Amino acid sequence: SQTIHQWPATLVQPVGSPLSLECTVEGTSNPNLYWYRQAAGRGLQLLFYSVGIGQISSEVPQNLSASRPQDRQFILSSKKLLLSDSGFYLCAWSKGAGYEQYFGPGTRLTVT
Amino acid sequence: QQPVQSPQAVILREGEDAVINCSSSKALYSVHWYRQKHGEAPVFLMILLKGGEQKGHDKISASFNEKKQQSSLYLTASQLSYSGTYFCGTVWKELSFGAGTTVTVRA
């Protein structure tokens, strides 16, 4: 069966500090991978998605970036965090565009 | 293009029914439904692909209208475990989620 991992579970970072969140998927190959952000009490905002190694599509202009160095690894980064980057970051995978998505447990980021 | 969900919130007593609607201005390839409990990640409930399709999952079911522009999620004889935020998702380039409907079921 497929499993998706995210770490860390929670993170408190000062404004201006860098960020690296990691997501890995087990039990499947060549998945589509996604990064979402959810502000408190709000909906799911798609940040990036990837259909393969090195292929990243950005949905929202921001100070975040994503990379996919391996088939089942997806990384979300920032060089300098802003207060507005606080939120619940979710990684998800699917078999392809339009298929159901399965979410990781999420990382709760607080920028202070 | 983000789908429109209604209502924003609903409060139920155990055993009551509720309907959540999800609509788009254009015909859709498919509609997804997810539930997110407080502090947790969203969980996939079901996907509807065909106009006129209906699907069930325990006492939670959904329909997709013939024109494929609206879907409804039905919570029947609600249980405390049904509490959470329900999101519909519609597919264009990729999945786009509605703003969510918060369901609170009280004893």
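Not measured: the values here are computed from a predicted model.

Parameters at a glance
- Residues numbered from 1 in each chain as written.
- Chains lettered and ligands numbered in written order.
- Predicted model: local features only at pLDDT ≥ 70, side-chain atom pairs only at ≥ 80, totals over all residues.
- Heavy atoms only, no water.
- Helix = DSSP H or I, 4+ residues; strand = E, 2+ residues; numbered from the N terminus.
- Rg over C-alpha atoms; globule rule 2.2 N^0.38 Å.
- Buried < 20%, exposed > 50% of the residue type's maximum accessible area, 1.4 Å probe, protein only.
- Contact = heavy atoms within 4.5 Å.
- Areas by Shrake-Rupley, 256 points an atom, 1.4 Å probe, with all protein chains shown as cover.
- Lys, Arg positive; Asp, Glu negative; His and termini not counted.
- Charge placed at Lys NZ, Arg CZ, Asp CG, Glu CD.
- Buried area = accessible area lost by both parts, 1.4 Å probe.
- Salt bridge = Lys/Arg side-chain N within 4 Å of Asp/Glu carboxyl O.
- Polar contact = N/O pair within 3.5 Å; in protein donor to acceptor, adjacent residues only side chain to side chain.
- Nonpolar A, V, L, I, M, F, W, Y, C, P; charged D, E, K, R; others polar.
- Pairing = 2+ DSSP bridges.
- Axes fitted to C-alpha atoms, helices over the stretch in contact; angles between N-to-C directions.

Visitor: Looking at this structure, I do not really get the overall build of chain B. What am I missing?
Guide: Helix and strand counts for chain B come out as zero helices and eleven strands. Its helices and strands in sequence order give chain B the pattern β-β-β-β-β-β-β-β-β-β-β, from N to C terminus. Its C-alpha radius of gyration of 13 Å places chain B within 12% of the 13 Å reference for a compact globule of 107 residues. With the C-alpha coordinates of chain B rotated into their principal frame, the extents come out at 40 × 25 × 20 Å. Evaluated residue by residue, chain B yields a buried proportion of 48% over its 107 residues. Contacts in chain B between residues at least 24 apart in sequence constitute 54% of all its contacts with a sequence separation of at least 6. For chain B, the accessible surface area stands at approximately 5300 Å², while carbon and sulfur atoms represent 50% of it. For chain B, the distance from the average position of its 11 positive side-chain charges to the average position of its 8 negative side-chain charges is 6 Å.

Visitor: Is there a simple way to explain the interface of chain B and chain A in this structure?
Guide: Often the size quoted for an interface is simply the accessible area lost on bringing the parts together. Counting from both sides, the interface comprises 17 residues of chain B and, opposite them, 22 residues of chain A. Interface of chain B and chain A: buried area, both sides summed, is about 1400 Å²; carbon and sulfur atoms make up 60% of it. It is Pro-42, Glu-94 and Phe-97 of chain B in chain B that bury the most area against chain A; as a group they hold 37% of the surface buried on that side. The interface formed by chain B and chain A holds zero salt bridges in total. The interface formed by chain B and chain A includes three residue pairs in polar contact (both at pLDDT 80 or more). The set of elements that each furnish at least two residues to the side of chain B that touches chain A consists of β4 (31-36), β5 (43-48), β9 (84-91) and β10 (95-97) of chain B. Considering each element in turn, the side of chain B that touches chain A owes the most residues, three residues, to β4 of chain B. For the side of chain B that touches chain A, the class distribution of residues is ten nonpolar, four polar and three charged.

Visitor: It is not clear to me how unusual backbone geometry should be interpreted in this structure. Could you clarify?
Guide: Among all residues save glycine, negative phi is the norm, and among peptide bonds the norm is trans. All names here are of chain A. Residue Pro-8 is reached from Trp-7 by a cis peptide bond, and omega for that bond is 0°. In this fold, Pro-8 is placed in the loop between β1 (3-7) and β2 (10-13). Although it is not a glycine, Asn-30 adopts a positive phi angle of roughly 50°. Residue classification places Asn-30 among the partly exposed positions, given a relative accessible area of 48%.

Visitor: What is the right way to look at the sheet that holds strand β3 (residues 19-26) of chain A in this model?
Guide: Working definition: the strands of a sheet are paired by backbone hydrogen bonds and lie parallel or antiparallel to each other. Residues and elements named next belong to chain A. Reading across from one edge, β1-β3-β8-β7 is the order of the four strands in this open sheet, with antiparallel pairing throughout. Edge strands, defined here as strands with exactly one partner in the open sheet, are β1 and β7 (64-70). Looking at each pair of strands side by side, their axes are set apart by 20° on average, direction ignored. Where β7 meets strand β8 (residues 73-78), five bridges bridge the pair, whose relative direction is antiparallel. Each residue of the ladder has a partner; that of Ala-66, found in β8, is Leu-76.

Distances and angles like these do not, on their own, reveal function.
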